[in-house]
Amino acid sequence: MKEVIAIIRMNMMNQTKRALADAGISSMTAREVLGRGKGIVDLDLLEGAEHGYEEAVSRLGQTDRLIPKRLILVSLPDNLVDTAVQTIIRVNQTKKSGDGKIFVLPSIDTVRIRTGEHGDAVLDEL
C-alpha cells in the first residue's frame, strides 16, 4: 500500500480528477496549497517573457512569489500506484516549469472509520 502525493497546477485539477476516475481511481483528497519549486518563477513575468517583453525577461528569477497549486493525496494498493503516477504525468506534463511533482510514500495501514476495516479492502481496486 502506498500514498501518492501530487502537486499540480490549479487549472489541471478537473482534468486530473476525471483521468484518475477513468483509470479506476476515484478516491482522493485535494486541497489548495501555495508553493514554488527550486526555480524562482513569477507567472506574470513568465507570460511577459513568452511574449518577448525585454523588461520581463530581465526580471525573471528575481522574485520569490508563492504560486497557487493543488495538492492531491491518494492511498492505493501497490498494483495501482504506477497507473496513478502515469495518469497524473500524462494529464499534467507540459514540459514547462511548474508542471508539478509526484511523491510516492509507503503507507503502513488504512482504516475505514465507519466499519473499522483495515488495509487494501478500504482502497480502490481494479
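Anything mentioned here points back to the structure above.
What counts and how
- Residues numbered from 1 in each chain as written.
- Predicted model: local features only at pLDDT ≥ 70, side-chain atom pairs only at ≥ 80, totals over all residues.
- Heavy atoms only, no water.
- Helix = DSSP H or I, 4+ residues; strand = E, 2+ residues; numbered from the N terminus.
- Buried < 20%, exposed > 50% of the residue type's maximum accessible area, 1.4 Å probe, protein only.
- Lys, Arg positive; Asp, Glu negative; His and termini not counted.
- Salt bridge = Lys/Arg side-chain N within 4 Å of Asp/Glu carboxyl O.
- Polar contact = N/O pair within 3.5 Å; in protein donor to acceptor, adjacent residues only side chain to side chain.
- Contact = heavy atoms within 4.5 Å.
- Arc of directions from axis to C-beta.

A look at unusual backbone geometry
Link 1 in the chain: Phi angles above zero are rare outside glycine, and Lys95 is one such case at about 70°.
Link 2 in the chain: Along the chain, the position of Lys95 falls in the loop between helix 4 (78-92) and strand 4 (101-106).

Comments concerning the side chain of Lys69
Link 1 in the chain: Among the secondary structure elements, Lys69 is positioned in strand 3 (residues 67-76).
Link 2 in the chain: Asp99 is the oppositely charged side chain nearest to the buried, salt-bridge-free Lys69, at an N-O distance of 7.2 Å.
Link 3 in the chain: A distance of 2.6 Å separates a polar side-chain atom of Lys69 from the backbone oxygen of Gly98.
Link 4 in the chain: Residues within four places of Lys69 in sequence aside, it is in contact with Ile7, Ile8, Arg9, Met10, Arg31, Glu32, Val33 and Gly98.

Considerations on helix 1 (residues 13-22)
Link 1 in the chain: Residues of helix 1 that are buried include every one of Met13, Thr16, Ala19 and Leu20, and no others. Viewed end-on, helix 1 has its buried residues packed into an arc of 135°, placing them on one side of the element. In helix 1, the exposed positions that point more than 90 degrees away from the buried face belong to Arg18 and Asp22.
Link 2 in the chain: Following helix 1 by one or two positions, Gly24 has its phi on the positive side, about 90°.

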